[in-house]
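Working through the structure, step by step
Given next are the chains, with one letter for each unit.
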Amino acid sequence: MDSAFWLEKWRINQIGFHEGVPNTLLTAHFSELGVKAGARIFVPLCGKTRDLSWFLSKGFHVVGIELSRMAVEQFFREENLSPTITRNGALERFEAENITLFCGDIFDLEQAVLGHVDAVYDRAALIALPPEMRKRYATHVISITQTAPQFLITLDYDQSLYSGPPFAVADDEVHALYDAAYPSLIPMERVEAAGGIKGRGPAWETAWRMQH
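The following paragraphs examine the structure supplied in this document. (Residues numbered from 1 in each chain as written. Predicted model: local features only at pLDDT ≥ 70, side-chain atom pairs only at ≥ 80, totals over all residues. Heavy atoms only, no water.)

**Here's the deal with the overall build of the protein**
Quick note on the threshold: Counting from the N terminus, the helices are the DSSP runs of H or I reaching at least four residues and the strands are the DSSP runs of E reaching at least two. Note on method: radius of gyration uses C-alpha positions; expected globular size equals 2.2 Å times residues raised to 0.38. Think of it in three bands: residues with accessible area under 20% of the maximum for their type are buried, residues over 50% are exposed, and the middle band is partly exposed, with areas taken using a 1.4 Å probe on protein chains only. Surface exposure here means Shrake-Rupley accessible area, sampled with a 1.4 Å probe, where a residue is shielded only by the protein chains that are shown.
In terms of regular secondary structure, the protein is built from 7 helices and 9 strands. Taking 212 residues into account, the globule formula puts the C-alpha radius of gyration at 17 Å, and the protein, at 16 Å, falls close to it. Counting only C-alpha atoms, the protein reaches 45 × 40 × 30 Å along its principal axes. Burial statistics for the protein: of 212 residues in total, 50% are counted as buried. If you sum the accessible surface of the protein, you get close to 9700 Å²; carbon and sulfur atoms cover 50% of it.

**A look at the nonpolar core**
As a rule of thumb, soluble globular proteins bury nonpolar side chains together. The test is simple: Definition used in this section: a nonpolar core is a set of buried Ala, Val, Leu, Ile, Met, Phe, Trp, Tyr and Cys residues joined via side-chain atoms within 4.5 Å.
Of all hydrophobic cores here, the largest spans 38 residues; its most connected members are Phe-42, Leu-109, Tyr-137 and Tyr-178. Breaking this core down by element, the ones donating at least two residues are strand E2 (61–66), helix H6 (131–144), strand E7 (150–157), helix H7 (171–178) and strand E9 (203–211). Element by element, the count of residues in this core is highest for H6, at 5 residues. Counting residues in hydrophobic clusters, the runner-up holds 27 residues, among them Val-43, Trp-54, Phe-60 and Ala-207.

**Here's the deal with the packing of aromatic side chains**
Note the following rule: Between rings of Phe, Tyr and Trp, where Trp is taken as its six-membered ring, a pair exists when centres lie within 6.5 Å; planes separated by under 30 degrees are stacked, by over 60 edge-to-face, and by other angles tilted.
Under the defined criterion, the tally for this structure stands at 11 aromatic pairs. Centroid distance Phe-30 to Phe-60: 5.6 Å. Interplanar angle 85°. Geometry classified as edge-to-face. In this pair, Phe-30 is assigned in the loop between helix H2 (24–29) and strand E1 (40–44) and Phe-60 in the loop between helix H3 (50–57) and E2, connecting sequence segments 30 residues apart. As far as the burial class goes, Phe-30 and Phe-60 line up, both buried. Consider the rings of Phe-75 and Phe-76, whose centres lie 5.3 Å apart with planes at 80°: the pair is edge-to-face. For Phe-75, a relative accessible area of 1% puts it in the buried group. A residue is classified by how much of its surface remains accessible, and Phe-76, at 2% relative accessible area, is buried.

**With respect to the pairing of E7**
Applicable threshold: The path from the first strand over the helix to the second decides the hand: if it runs clockwise while the strands point away from the viewer, the crossover is right-handed. Two strands pair if DSSP finds at least two bridges between them.
Buried residues dominate E7, accounting for 8 of its 8 residues. At this point the chain moves from strand E6 (residues 119–122), through H6, to the parallel E7, and the crossover so formed is right-handed. Two elements, E7 and E9, share 8 bridges in a ladder whose sense is antiparallel. Bridge pairing in E9 places Leu-155 opposite Glu-205.

**What about the pattern of salt bridges?**
So the rule is basically this: Salt bridges are defined as contacts in which a side-chain nitrogen from Lys or Arg sits within 4 Å of a carboxyl oxygen from Asp or Glu.
Enumeration over the complete set of coordinates arrives at 9 salt bridges. Where Asp-171 meets Arg-190, a salt bridge forms, and the shortest distance between an N and an O atom there is 4.0 Å. Note that Asp-171 is positioned in helix H7 and Arg-190 in strand E8 (residues 184–192), a separation of 19 residues in sequence. What emerges from the salt-bridge pattern is a single network uniting Arg-69, Glu-73 and Glu-92.

**Some points on the sheet that holds E6**
Rules: Fitting a line to C-alpha atoms yields each axis, with helices limited to the stretch in contact; the angle taken between N-to-C directions then spans 0 to 180 degrees. Any pair of residues with heavy atoms lying within 4.5 Å of one another is described as a contacting pair.
In space, the 9 strands of this open sheet follow the order E3-E4-E5-E2-E1-E6-E7-E9-E8, with mixed pairing throughout. Since the sheet does not close on itself, it has two edges, and those belong to strand E3 (84–88) and E8, each with one partner. The mean inter-strand angle of the sheet, taken between neighbouring strand axes irrespective of direction, is 20°. Pairing of E3 with strand E4 (residues 91–96) involves 5 bridges; the strand directions are antiparallel. If you follow Arg-87 over to E4, its bridge partner there is Glu-92. In the packing of helix H4 (residues 69–78) onto the sheet, contacts are made with E2, E3, E4 and strand E5 (99–103), and the angle to E5 comes to roughly 160°.

Printed below as a string of structure tokens:
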């Protein structure tokens, strides 16, 4: 799986991973992370998620990164925002009031460019990546955010029923990826995903609070 895979998904509008409303686990539990309004929230592989708008409506500052320029442009257009566009090395930077979205490969995003963040929100990033990429991704995000607290949503199902993405990420893998950085790693709620995994079997979403 490479960048061309995701760019093609956006090009043909095959974006079943896009939720048209803010995620219910986010709205129910984000306050438990203890992050106050005005904090800067990092959203990796953000697409044009409505969760970005939810954060803005609650008084947070948002910084995201997304591979697809089409997704970034659609977000600003749908929000009636006119971003200032500049270049940061391999990345493009789209900025409007209280929000910055980088366009490019997350592995090209460095801590000095990202700047300080108070928390990470990962709903569709970890589960979008195949197993061989998840360790590199988790390590990179921990590094560039300087181990900022994370609110993670995982999806778990019988991987033999569907090849992914989204991929199944079991609880033991979450602990393997994050325990060393986050001594406090707590599952807050587990819910059955509506429609299961593409109608092929049941699936469960879990919201995790990760702090050190």
